[in-house]
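Chains, contacts and geometry: an overview
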Amino acid sequence: MVIALIPCALLVFGALISLFIRDKWICNLLINSITALSCFLIAAAGVEGFLTKAEISLPLDLEMGIDPLSAVFCIVLGVIGFSISIYSIKYMEIYDKMRYYGICYTSFMLAMYLVIIVRNAFWFILFWEMMTLSSYLLVVYEHEKEEVRRAGFKYFVMTHIGVACIITAVLLLYQQANLAGIPGMSFSSLSSASRLMPPYLLHICYLLLLIGFLVKAGAVPLHSWLPDAYPAAPSNISALLSGFTAKTAVYATIRMFFIVLPVDFWCGILLISSGLLSMFFGGIYALRQVDSKRLLAYSSVENMGYILLGVGAGLSLFASGKGVLGSIAISAGILHTVNHALFKALLFLSAGSVIYRTGRRNMDLLGGLGKQMGVTSLLALIGSLSASGVPVLNGFVSKWLIYSVTASSWEIPILPICAAVAVMMSAITGAFLLKYWSSIFTGRPVEEVKECPKQMITGEAILAASCIILGIYPALALSPIAEISGELGIPIGVVKEQLLTGIFLIGPVAVSTISLITVFSFLSLFLLLTVAFLRPIGIRAEPWFCGARPSDLRYQASSYYRNIEEAMRAAYIGAPGISLRIYKEPNTDRFLVSPFVRAFKRISRAFLLPAMGYIQLYLALMFLALLLIVGVIAWIS
Amino acid sequence: MDLIEALINLALVMLIAPILDGFARKVRARIQCRIGPPILQTWYDIIKLFKKRDIDPEVSGKLYSISPYLSLAFSLIAVLIIPIGCREPPLSFTGDVLLLIYLLASSSLLMAFGSTASGNPFSGIGASRMLSMMILGEGMLAGSIITFSVFSGSLRIGSVIKILSTSPHLATTVALIPLAVFVYLESERVPLDIHEAEPEIIGLLVEFSGRKLGLMKYSLMIRSTVLATLLIYLAFPWWLADSYTSPFYPISIILWLLLLFLLTFIFTVLDSSLARYRINNAIESLVPFICISFLSIVLAFLGV
Amino acid sequence: MDLAFLFRFLSSIMVITSVAIIEIRDLRRSSYAYMVQSAILSADFSLIAMMTGEWHMYLWTMSSLITKVLLVPRAMIWAIERTGERSEIRPVLPLTASFGLEGAIIISLFLISPSVFPLAESRFPSSIPISLVLFMIGIFGMLSRRCALKQVLCLCHMENGVHLFLASLAYRSPITVEIGILTDAIAAIVILLYMAIRLKHVAGTLDTFKLSLLRW
């Protein structure tokens, strides 16, 4: 268990040391190396905790423990953090404020690591808040720009409303625990308390926790901070935010709704509906984006929809008594979490590479970088295909698993319909990722760029390699994930058998295996390619412009899928009928957040009436209030 | 997985796919009052393309060279998942129907990726249009397939067909409509062949030539055949042999061929009689079919 | 000499000095008046010490001598020098009205307090009303003056009243109270004086009605 604590010490050391180093380059190198090392240790701690199921109890009620659920997330954080830190060694050269970055980055990692390890609700909220604050500071890293500040502010306010809801729910549970005489705020005591609560109070807790976690995860009614905050942050931070911070919300959802609190069918339905909306709106809005990172942000919303679909389906199935199918559904959701973390981090890092070399995010102004940035282009391609769900790569396995599970749960009628919508959304994913990749990397080159430095490529390559490995051998991820069902009271053997005989590469009776298919496709591809290379390569010529003179004509990113937008006009709420060049972003804020903000402003203005800017007036009012209180107390006693 | 059955299926589809295309050309020619090319003409065309030298645009990337092979690989694996003549396909497991959807979609997606990798802006237009159609197509396909699986209570194509053969129901009949439209869409026939709108823009395959073009076209034909087979067996799940060794097998293969040619004939008649849609009209015309497919899921739940 | 009589005598002088602090327009002279008042306060503390025999009241005496008589007026004069605002304040009320109100406050407090606080009249005669007077006049000063430095002075004045109240009622309190009072007296005053200097720097005047200019 000592391994689990070393990263904490290391990260704190890194944070403190970064205060004292003046030289930009050394600070950058040091911070990123320390973080990379800590992430490696975090992954190791995850593996060790998974094998030995360790627990630690520090004073002040700080209980920590690594069970299979935490272990999976630790390993994901380790892998992603390691790649991103190595990438950042070179990427952060385009920025200046190294000490700011050093403190915030290390505390961000530390907070995320601790959130998935603690077993005590108080410390959980503390580290959650620390994660929110440090990520806010990192989002507003370029705070000289107006839109970055605004994006950060929106992120800050929305996540803090979520935290307030979470705190309220925990306090309700704690109050119940106090009434029942159960000491402490650890998850187990809250768990026992929740079983003694009156049902309406428990439902209020569920709703509050859902709001809190969905805001952080970026699921649709509460996602509006995401498309502004992800482009505003530096690309490695966006990768970390998208790749892990949203997943801590998923972790928290699973921990709370499955393990701590009793399972509830309607919570599952809420999660499923949220997932459905996220899938739909995330995909639709991503189709028309012109900013590369904004497109990826909406893609994150869409994938969060898949994850919530899986987790929600699991919850509902559990609550209806179908334990085995439910745990398969949760495993599907968690597998998609792992996969999404990997390929989304890869995609964001590739967008970062483009920004590193060209400084641009607008896909209309980019193009043709594939010839000069060959390796980056290939890695971005792997990321895009992975996200679209092409069979050899990892996105396919988890998506397929989610579809199979939801399509097989015939007792909950909404689930097969969700599966059908999800398949349609899958096509949309392929569409916008094609737009992303081809707008940036294909066509005639717009400018002279060089390939990215080795460190950045290494970071991306690690993620791409994991995508490929998990695509061919999903059992590597699925066997640990299947262990989680042990936590939920389902016999592990049954779940493993269901999951793995379909997917295990080298199994005893492995006739019907998807991995076998993927390997077969590799082999057939290989054969065809060898046949191909028996012939000489073709001659080079100008692209065919239907007889016209070749020009610098390019198919702009903003023109892709315009027809779909026209056809689905109603889905792009708030956009005018046909938007030719400037696509107005639909604004869910108008319906969901703005009414609250306006009411709040009106109420605050009412409070402002007595305050006219003179401290004497405030003092007089305070004194009168004091006299009033004293008088009341004196009169009572 | 039965290797022999797999090989037989592969061989059958690989042989028949271009012949179906040739048959379609013949029918179209006859409707247009000309003699038309021989039925094996498509095979001759593909062999000729394989012999020619490729011309690659200078701005293309490596994906452009590899994607025809990848696309074909995925299409060929899709062949193993559908039953041909027998009740059980060679590769069968829970959820294989979803794998089928994915393989076909990946094949088209890789075609689009490869064509944009060629660097020609017209490929971008073609890819954008093709994927727009594919988005709606997937909606229809997913709805129908999920209906079938809900109705039969299973996700294996073999079991679906077995249960369907017992009794037809309204839900499955309704689900056949969007599926038929999807098969029509994927086989690139006239009202909806937006991305291959040759007189307008050359479309996706503008930069492919020689062997790559041959492979792309071949992959397209195999996909159409696979989907046509799926449609036939979902509409007509009777008279399937138990395995390739049974004496009924040749008869079921002949039946399969007959139904394929019949379907191609119907499609070609429609193809020759209609004019191509503009892209907006195409998209708007497909939306009712998506609604029908979701409606069929609801009907399947109602047990109708 | 009767200590109680001395106590009452000194406390009465404190009332006069309190009015002086508030009314004197010249800031330096107000600070000196405050110095006098604090000296009397310290004397009161030592009287309490002698009357009750609590030895740590002597500590109170020493600390209040150091902080209130030496340090706080020094800080005030430093602030006056830094702002360069030698001696002008712009009050809200004219002189007579101000005097009248203060007189009303003093008289009413002396009338009310025996009935409200029947306790400590026994040992330290009239210390309660006098501390309340100091407190209320301090508040009155804060409400009716516009100069920031004057407001700081009125705050210290209020604190004097509170300390006298505390000392006469709770003369057995432990040392931590003493530490609290010490830090309060110095730290809060220094911060306030710094803000007053910033106000002068930003707005060019010490008028508290212009405090909103310090906002960003």
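Residues numbered from 1 in each chain as written. Chains lettered and ligands numbered in written order. Predicted model: local features only at pLDDT ≥ 70, side-chain atom pairs only at ≥ 80, totals over all residues.

**Observations concerning the overall build of chain C**
The line we're drawing: A run of DSSP states H or I qualifies as a helix once it reaches four residues; a run of E qualifies as a strand once it reaches two. Both are numbered from the N-terminal end. We compute the radius of gyration over the C-alpha atoms and compare it with the globule rule, which gives 2.2 Å times the number of residues raised to the power 0.38. Field definition: a residue is buried when 20 or more other C-beta atoms are found within 10 Å of its C-beta, exposed when 12 or fewer are, and partly exposed for counts in between, with C-beta atoms placed from the backbone. What counts as a contact is two residues whose backbone-derived C-beta atoms lie within 7 Å of each other.
Each helix and strand in chain C was counted, giving 7 helices and 0 strands. The order of α-helices and β-strands along chain C, N terminus first, is α-α-α-α-α-α-α. The C-alpha atoms of chain C give 17 Å as radius of gyration, which agrees with the globular expectation for 216 residues (17 Å, within 12%). Buried positions account for 38% of the 216 residues belonging to chain C. Intrachain contacts of chain C at a sequence separation of at least 6 include 73% that bridge at least 24 residues.

**As for the overall build of chain B**
Scanning chain B from N- to C-terminus turns up 10 helices and 1 strand. Secondary structure elements in chain B, listed N-terminal to C-terminal, are α-α-β-α-α-α-α-α-α-α-α. Taking the principal axes of its C-alpha atoms as reference, chain B extends roughly 55 × 45 × 40 Å. Looking at the 304 residues of chain B, the share that counts as buried comes to 61%. Within chain B, contacts between residues separated by at least 24 positions form 81% of all contacts whose residues are at least 6 apart in sequence.

**Side note on the interface of chain A and chain C**
Let me state the cut-off plainly: Amino acid classes used here: Ala, Val, Leu, Ile, Met, Phe, Trp, Tyr, Cys and Pro are nonpolar; Asp, Glu, Lys and Arg are charged; the rest, including Gly, are polar.
Taken together, the 7 residues of chain A in the interface contact 7 residues of chain C. For the side of chain A that touches chain C, the per-class residue count stands at 5 nonpolar, 2 polar and no charged.

**Quick notes on helix α3 (residues 68-91) of chain A**
We count it as follows: How far a helix is expected to stretch is found by multiplying one less than its residue total by 1.5 Å.
Between the first and last C-alpha of α3(A) there are 34 Å, a value that for 24 residues agrees with the 34 Å anticipated at 1.5 Å per step. α3(A) sits mainly inside the fold: 24 of its 24 residues count as buried.

**Structural notes on helix α7 (residues 187-195) of chain A**
An α-helical turn contains 3.6 residues, so a residue and the one three or four places further along point in the same direction. Residues and elements named next belong to chain A. Stated precisely, the cut-off is as follows: Taking the helix axis as origin, the arc is that swept by the directions to the C-beta atoms.
Regarding α7, the residues found buried are Phe 187, Ser 189, Leu 190, Ala 193 and Ser 194. Across the axial projection of α7, the buried residues extend over an arc of 160°, all falling on one side. Residues of α7 that are buried sit in contact with α5 (121-139), α6 (146-180), α8 (199-217) and α10 (235-260).

**Brief notes about the packing of helix α5 (residues 121-152) of chain B against helix α10 (residues 279-302) of chain B**
A pair of packed helices can be characterised by two numbers: the angle between their axes and the separation between those axes. Residues and elements named next belong to chain B. Filter applied, for reference: As a rule, the C-alpha atoms of each element are fitted with a line to give its axis, helices using only the stretch in contact, and angles between N-to-C directions run from 0 to 180 degrees. Here the angle decides the label: under 35 degrees means roughly parallel, over 145 means roughly antiparallel, 65 to 115 means roughly perpendicular, and every other value means oblique. Here a crossing is taken to be left-handed if its near helix is turned anticlockwise relative to the far helix by less than a right angle, and right-handed if that turn runs clockwise.
Close contact between α5 and α10 brings their axes to 8 Å; oriented N to C, the two are set at 15°. When the axes of α5 and α10 are compared, the pair comes out roughly parallel. Like other packed secondary-structure pairs, α5 and α10 cross with a definite hand, here left-handed. Only Ile 279, Ala 282, Ile 283, Leu 286, Phe 289, Ile 290, Ser 293, Phe 294, Ser 296, Ile 297, Ala 300 and Phe 301 of α10 make contact with α5, whose side of the interface consists of Arg 129, Ser 132, Met 133, Leu 136, Gly 139, Met 140, Gly 143, Ser 144, Ile 146, Thr 147, Val 150 and Phe 151. Looking at the contact of α5 with α10 residue by residue, the class counts come to 16 nonpolar, 7 polar and 1 charged.

**Structural notes on the environment of Leu347(A)**
All names here are of chain A. On the secondary structure map, Leu 347 appears in helix α13 (residues 323-358). Taking the C-alpha atoms as reference points, Leu 347 and Lys 293, 54 residues apart in sequence, are found 9.1 Å from one another. Residue contacts for Leu 347: discarding those within four places in its chain leaves Leu 296, Ala 380, Gly 383, Ser 384 and Ala 387.

**Considerations on the environment of Leu131(B)**
Within the element layout of this structure, Leu131(B) appears in helix α5. What makes Leu131(B) buried here is the crowd of 27 C-beta atoms within 10 Å. Once the C-alpha coordinates of Leu131(B) and Val183(B) are considered, the two residues, 52 residues apart in sequence, prove to be 15 Å apart. Ignoring any residue separated from it by four or fewer positions in sequence, one finds Leu131(B) in contact with Gly430(A), Ala431(A), Leu434(A) and Ala112(B).

**A few points about the packing of helix α3 (residues 56-83) of chain C against helix α7 (residues 175-203) of chain C**
Residue and element names in this part refer to chain C. The N-to-C vectors of α3 and α7 enclose an angle of 5°; their axes lie 10 Å apart at closest approach. The angle between α3 and α7 falls in the class roughly parallel. Seen from α3, the contacting residues are His 56, Leu 59, Trp 60, Ser 63, Thr 67, Lys 68, Leu 71, Val 72, Ala 75, Ala 79, Arg 82 and Thr 83; seen from α7, they are Ile 175, Glu 178, Leu 182, Ala 185, Ile 186, Ile 189, Val 190, Leu 193, Ala 196, Ile 197 and Lys 200. When its residues are assigned to classes, the contact of α3 with α7 shows 15 nonpolar, 4 polar and 4 charged.

**What to know about the interface of chain A and chain B**
Heads up, the rule is: Here, a strand pair is defined by DSSP locating no fewer than two bridges between the strands.
Contacts between chain A and chain B engage 62 residues on the former and 66 residues on the latter. Broken down by secondary-structure element, the contributors of at least two residues to the side of chain A that touches chain B are α14 (374-388), α15 (394-408), α16 (414-441), α20 (514-532), β3 (539-541) and α21 (562-567) of chain A. Tallying contributions element by element places α16(A) first for the side of chain A that touches chain B, with 13 residues. Examined bridge by bridge, β3(A) and strand β1 (residues 55-57) of chain B share 3 bridges and lie parallel to one another. Its bridge partner being in β1(B), Ala541(A) is matched across the sheet by Pro57(B).

**Considerations on the nonpolar core**
Residues and elements named next belong to chain A. Our working definition: Only buried residues count toward a nonpolar core: Ala, Val, Leu, Ile, Met, Phe, Trp, Tyr and Cys, linked into one set through C-beta atoms within 7 Å.
Within the largest apolar cluster, 323 residues are counted, with the highest numbers of intra-cluster contacts made by Val 139 and Ala 422. Among the elements that take part in this core, α16 stands out by supplying 20 residues, more than any other. Here Val 139 is in contact with Ala 151, Gly 152, Tyr 155, Ala 229, Ala 232, Ala 233 and Ile 237, once residues within four sequence places are set aside.

**Overview of unusual backbone geometry**
Residue and element names in this part refer to chain B. Residues other than glycine seldom take positive phi values, yet Cys 33 does so here, at roughly 60°. Mapped onto the fold, Cys 33 is located in the loop between α1 (3-31) and α2 (41-51). Judged by the 7 C-beta atoms lying within 10 Å of it, Cys 33 falls in the exposed class.

**A closer look at the confidence of the model for chain C**
Do not read the predicted coordinates in detail wherever pLDDT is low. Residue and element names in this part refer to chain C. Keep this limit in mind: pLDDT expresses, on a scale from 0 to 100, how confident the predictor is about each individual residue.
Chain-level statistics for chain C give a pLDDT mean of 81 and a share of 91% at 70 or above. Mean pLDDT per element in chain C: helix α4 (residues 95-116) is the minimum at 79, and helix α2 (residues 27-52) is the maximum at 88. Interface confidence for the predicted complex, given as ipTM, is 0.91, next to a pTM of 0.79.

**A short note on the environment of Met221(B)**
All names here are of chain B. Relative to the elements of secondary structure, Met 221 occurs in helix α8 (residues 210-235). Put simply, Met 221 and Met 14 are 207 residues apart on the chain and 9.1 Å apart in space, counted from C-alpha to C-alpha. Residues in contact with Met 221, not counting those within four places in the same chain, are Ala 17, Pro 18 and Asp 21.

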